[in-house]
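Single-letter residue listing:
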Amino acid sequence: MRKYMMAGNWKMNKTVPEAIALSQQLCNLYNRDWDDVDIVLCTPSVDLRSVYTVLDFDKTDIELGAQNVHWEESGAFTGEISVPMIKDIGCTYCIVGHSERRDMFCETDEMVNLKVKALIAADMKPIVCVGESLSMRDSGDYLGFVTAQVRAGLAGLDSDEAAKVVVAYEPIWAIGTGRTATPEQAEEVCAAIRATVAEMFGADVADGMQVLYGGSMNPGNVESLLAQANIDGGLIGGASLKADSFKQLIEAAAKA
Ligand code: PGA
């Protein structure tokens, strides 16, 4: 049985005081039913230390993630942060290859793969994002495109390493647009992702892997998305920025 995951992607939102307030609100709302869900807060890097302190003090099972990382351990990479830095600050997860980074910051599949390998070498868990643009969806070959992103992102891993990966399917046309993929559209791609992982690493790894959906997930659509066989949770942007809406998503996963 796979556990559901609800991962908040705060993107470039929340100053340190705002981040402390939101994480404190979530800790105050935490109840033991939430233990059944893997809950992750992926905050801006400047907020990580403060949020870690809140989560650690409250002894909830909420985990911390970064939104990006460089694959080199240290060196002349102005503006970047390394795997040892985010691990030391308390992160157990890191988002890799979000479409905003691929589109706006020129991240390639090769860079995604280097980051995935660097995180796994440090015993951290990458949340690898894949997803097609609207023009790619309209062209009809979106399954080929997304599964190629999975193959490239996870290339060169062995099955023990692949077992540490979470994949998030985020159709670009659904991110921040209010236009969610239908449960059937999301399920089709998540099932194809799982089949690709099975081809690459075997059925056990594929059966155990958490495959998330992301793109305008909200309290109104979460239940129908989680009802799909191959959707194990969400990577949530907008609806993770308020304690009340994120709580509703976590509770939907706890009940699903
Ligand atoms: P959204 O963002 O929930 O605001 O659509 C999801 C994401 O980009 O991870």
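How each quantity is defined
- Residues numbered from 1 in each chain as written.
- Predicted model: local features only at pLDDT ≥ 70, side-chain atom pairs only at ≥ 80, totals over all residues.
- Heavy atoms only, no water.
- Buried < 20%, exposed > 50% of the residue type's maximum accessible area, 1.4 Å probe, protein only.
- Helix = DSSP H or I, 4+ residues; strand = E, 2+ residues; numbered from the N terminus.
- Pairing = 2+ DSSP bridges.
- Expected span 1.5 Å × (residues − 1).
- Contact = heavy atoms within 4.5 Å.
- Near = heavy atom within 4 Å.
- Polar contact = N/O pair within 3.5 Å; in protein donor to acceptor, adjacent residues only side chain to side chain.
- Areas by Shrake-Rupley, 256 points an atom, 1.4 Å probe, with all protein chains shown as cover.
- 1 Å grid on protein atoms, 1.4 Å probe; cavity = no way out; pocket = protein on both sides within 12 Å on 5 of 7 lines; lining within 4 Å.
- Sits in = over half its atoms within 2 Å of the grid points.
- Nonpolar A, V, L, I, M, F, W, Y, C, P; charged D, E, K, R; others polar.
- Salt bridge = Lys/Arg side-chain N within 4 Å of Asp/Glu carboxyl O.
- Phe/Tyr/Trp six-rings, centres within 6.5 Å; stacked < 30°, edge-to-face > 60°.
- Lys NZ or Arg CZ within 6 Å of the ring centre and 35° of its normal.
- Core = buried A, V, L, I, M, F, W, Y, C linked by side-chain atoms within 4.5 Å.
- Points joined across faces, edges and corners; volume = space filled by probe spheres on them.

Looking now at the pairing of strand β5 (residues 125-130). Here β5 lies mainly inside the structure; five of its six residues are buried. Relative to β5, strand β4 (residues 93-96) is paired through four bridges, and the arrangement is parallel. Across the sheet, Tyr93 pairs through a bridge with Lys125, a residue of β5. Pairing of β5 with strand β6 (residues 166-169), which is carried by four bridges, proceeds in the parallel orientation. Within β6, the position partnered with Val128 by the bridge is Val167.

Turning our attention to helix α5 (residues 109-121). An ideal rise of 1.5 Å per residue puts 18 Å on 13 residues; α5 measures up with 18 Å between its terminal C-alpha atoms. For α5, the complete set of buried residues consists of Val112, Asn113, Lys115, Val116, Ala118, Leu119 and Ile120. Looking at the buried positions of α5, the neighbouring elements they touch are α3 (83-88), β4, α4 (99-104), β5, α7 (142-153) and α8 (159-162).

All right, on to the site of the ligand then. The environment of the ligand is made up of 13 residues, and the closest members are Lys11, His98, Glu170, Gly176 and Ser216. Between an oxygen atom of the ligand and a side-chain N or O atom of His98, the distance comes to 2.7 Å. A distance of 2.9 Å separates an oxygen atom of the ligand from a polar backbone atom of Gly237. In isolation the ligand exposes 280 Å². Once the protein is present, 95% of that is buried. A majority-of-atoms criterion places the ligand in the second largest pocket. Grouping the constituent residues of the shell around the ligand by class yields four nonpolar, seven polar and two charged.

Turning next to the pattern of salt bridges. If charged atoms from side chains of opposite charge come close, those side chains can pair. According to the stated counting rule, one finds twelve salt bridges in the structure shown. With a shortest N-O distance of 3.3 Å, Lys3 and Asp38 are connected by a salt bridge. One end of the pair, Lys3, is in the segment before β1 (4-9); the other, Asp38, is in strand β2 (residues 37-42), and 35 residues separate them in sequence. We classify Lys3 as partly exposed; its relative accessible area is 36%. Where Glu132 meets Arg137, a salt bridge forms, and the shortest distance between an N and an O atom there is 2.7 Å. Several salt bridges converge on common partners, so that one network encompasses Arg2, Arg194 and Asp232.

Across all of its chains, the model carries two aromatic pairs by this definition. Between Arg137 and the ring centre of Tyr142, over which it is positioned, the NZ or CZ distance is 3.8 Å.

To continue, consider the environment of Lys59. Along the chain, Lys59 turns up in the loop between α2 (48-58) and β3 (63-66). Sequence spacing of Lys59 and Cys27 is 32 residues, and the spatial spacing of their C-alpha atoms is 8.6 Å. Here the side chain of Lys59 touches Asp56 through a polar contact of 2.8 Å, landing on its backbone oxygen.

Attention now moves to the nonpolar core. If you look at the biggest cluster of nonpolar residues, it comprises 71 residues, and the most contacted ones within it are Met6, Ile86, Leu154, Val165, Ile193, Val197 and Tyr213. Membership of the second largest hydrophobic core comes to twelve residues, among which are Met5, Tyr93, Ile95 and Ile127.

Once that is clear, we can look at the layout of surface pockets. The computed volume of the largest pocket comes to approximately 560 Å³. With three residues, the single largest contributor to the lining of the largest pocket is α4. Taken together, the residues that form the lining of the largest pocket break down as nine nonpolar, eight polar and four charged. If you add up the space inside the second largest pocket, you get close to 170 Å³. Lining the second largest pocket are 16 residues, with Gly176, Gly215, Ser216, Gly237 and Gly238 positioned closest to its centre.

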